[in-house]
Amino acid sequence: MTPADYDAWYRTPRGRWIGETEYALAARGLAAQPGDSLLDVGCGTGWFTRRAAADDLVATGLDPDPEWLDYARICSSPALSWVEGDARGLPFADACFDHVLSIAALCFVDDERRAVAEVVRVTRRRFALGWLNRTSLLYWQKGRHGGSGAYRSARWHTAREVREMFAGLPVKNLALRSAVFLPSGSGFAVRLERGVPGVLPWGGLLLATGEKT
Ligand SMILES: C[S@@+](CC[C@H](N)C(=O)[O-])C[C@H]1O[C@@H](n2cnc3c(N)ncnc32)[C@H](O)[C@@H]1O
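A short tour of the structure in this document, coming up.

So, how was this worked out
Residues numbered from 1 in each chain as written. Predicted model: local features only at pLDDT ≥ 70, side-chain atom pairs only at ≥ 80, totals over all residues. Heavy atoms only, no water. Helix = DSSP H or I, 4+ residues; strand = E, 2+ residues; numbered from the N terminus. Rg over C-alpha atoms; globule rule 2.2 N^0.38 Å. Buried < 20%, exposed > 50% of the residue type's maximum accessible area, 1.4 Å probe, protein only. 1 Å grid on protein atoms, 1.4 Å probe; cavity = no way out; pocket = protein on both sides within 12 Å on 5 of 7 lines; lining within 4 Å. Points joined across faces, edges and corners; volume = space filled by probe spheres on them. Nonpolar A, V, L, I, M, F, W, Y, C, P; charged D, E, K, R; others polar. Core = buried A, V, L, I, M, F, W, Y, C linked by side-chain atoms within 4.5 Å. Contact = heavy atoms within 4.5 Å. Near = heavy atom within 4 Å. Polar contact = N/O pair within 3.5 Å; in protein donor to acceptor, adjacent residues only side chain to side chain. Areas by Shrake-Rupley, 256 points an atom, 1.4 Å probe, with all protein chains shown as cover. Sits in = over half its atoms within 2 Å of the grid points. Disulfide = S-S within 2.5 Å. Salt bridge = Lys/Arg side-chain N within 4 Å of Asp/Glu carboxyl O.

Things to note about the overall build of the protein
A count of helices and strands for the protein gives eight helices and eight strands. In terms of overall dimensions, the protein is globule-like: its C-alpha atoms have a radius of gyration of 16 Å, near the 17 Å expected for 213 residues. Expressed as lengths along the three principal axes of its C-alpha atoms, the size of the protein is roughly 45 × 40 × 35 Å. Sorting the 213 residues of the protein into buried and exposed places 49% on the buried side.

Comments concerning the layout of surface pockets
Taken as a whole, the largest pocket holds about 1100 Å³ of empty space. Lining the largest pocket are 46 residues; nearest its centre among them are Tyr6, Trp68, Ala104, Phe108 and Ala150. Mapped by element, the contributors of at least two residues to the lining of the largest pocket are α1 (3–9), α2 (13–30), β1 (37–41), α3 (47–54), β2 (58–63), β4 (97–103) and α6 (137–143). Taken together, the residues of the lining of the largest pocket break down into 26 nonpolar, nine polar and 11 charged.

Structural notes on the nonpolar core
Leu39, Val41, Leu106, Trp131 and Phe166 are the most contacted members of the largest nonpolar core, which has 32 residues in total. Elements that contribute at least two residues to this core include exactly β1, β4, α5 (112–122), β5 (123–133), α6, β7 (171–179) and β8 (205–212). The element contributing the most residues to this core is α5, with five residues. Other than its neighbours up to four places away in sequence, Phe166 contacts Val116, Phe127, Leu129, Trp131, Val171, Leu174 and Ala208. One finds Leu25, Leu38, Trp47 and Phe48 within the second-largest nonpolar core, a separate group that totals 21 residues.

Things to note about the site of the ligand
With respect to spatial proximity, 15 residues lie near the ligand, and among them Tyr6, Tyr10, Gly42, Asp63 and Ile103 are the closest. In the environment of the ligand, an oxygen atom lies 3.5 Å from a nitrogen or oxygen atom belonging to the backbone of Gly44. One of the side-chain N or O atoms of Asp63 is found 2.6 Å from an oxygen atom in the ligand. Contact with the protein chains removes 88% of the 590 Å² of surface that the ligand exposes when unbound. When atoms are counted within 2 Å of each cavity's grid points, the one that captures over half of the ligand is the largest pocket. Grouping the constituent residues of the shell around the ligand by class yields 11 nonpolar, two polar and two charged.

Considerations on the state of the cysteines
Linking two cysteines covalently through their sulfur atoms gives a disulfide. Throughout the structure, instances matching the rule amount to zero disulfides. This cysteine, Cys75, is not joined by any disulfide, and Cys43 carries the nearest cysteine sulfur, 12 Å off. According to the relative accessible area criterion, Cys75 is partly exposed, its value standing at 33%. No disulfide involves Cys107; its nearest neighbouring cysteine sulfur is the one of Cys43, lying 14 Å away. Classification of Cys107 by relative accessible area gives buried; the value is 0%.

Regarding the environment of Phe166
Relative to the assigned elements, Phe166 resides in the loop between α7 (159–164) and β7. Through-space distance from the C-alpha of Phe166 to that of Gly210 is 9.8 Å; in sequence the pair is 44 residues apart.

Digging into the pattern of salt bridges
Taken as a whole and assessed by the stated rule, the structure comprises 16 salt bridges. For Arg51, the salt bridge is made with Asp55, and the minimal N-O distance between the two is 3.3 Å. Classification of Asp55 by relative accessible area gives partly exposed; the value is 33%. Sharing partners across several salt bridges, the network here consists of Asp7, Arg11 and Arg50.

Laid out in structure tokens, this is it:
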């Protein structure tokens with residue numbers, strides 16, 4: 001899949017709804033203020049990085065793929081920063097960013113625990129990390145048998161597995177929420193999403209938020 005094809009999905013009604021739904025959940029968990037700094041780990045084409053910048057955050061996107069980063073750079077204002085790097089060894093000092101966000105990226109990293117430890121290390125205040133949920137309708141549609149499309153070769157996790165990744169790290173108030181309960185994006189899916197509390201662990205995105213101690 002090309003970066004342009006991937007990013008175009010966010011301009012479809014379904015893609016925009018999924019992106020906005022996931023971003024809203026992450027934004028609630030981060031409670032960032034305008035002017036705060038934010039790192040988006042595994043930013044891909046930078047849709048979430050740009051979305052955070054639209055909320056007046058000082059946003060940096062990081063990804064190991066130079067082609068995807070080039071696309072992100074071309075699509076963004078010069079105020080955003082783009083860094084080539086690996087989540088397993090983030091090229092930043094400790095507590096460098098007020099907030100760290102990552103959506104559907106750590107599930108592609110070989111050593112997810114190391115990546116989570118790195119995220120916590122560079123976080124000053126709060127993080128919001130989204131994984132693909134094995135206990136979801138999305139998994140049954142897109143994740144089984146090795147996955148399809150952008151989900152190919154991703155790891156899908158349970159809430160318990162996600163919690164375990166934070167064991168021993170300097171984190172407090174760890175909370176898990178989920179979003180995108182019906183991934184079709186139909187009118188019914190949109191109405192259901194508004195009525196279902198995010199504490200139910202069956203949405204396609206499993207989001208862990210917490211604070212650095
Ligand atoms: C499905 S895309 C998600 C992109 C973006 N977060 C989004 O939701 O649109 C997964 C991203 O994880 C990135 N990725 C894979 N291995 C990584 C690593 N070791 N460190 C950081 N990012 C990685 C890929 O390059 C890709 O851009």
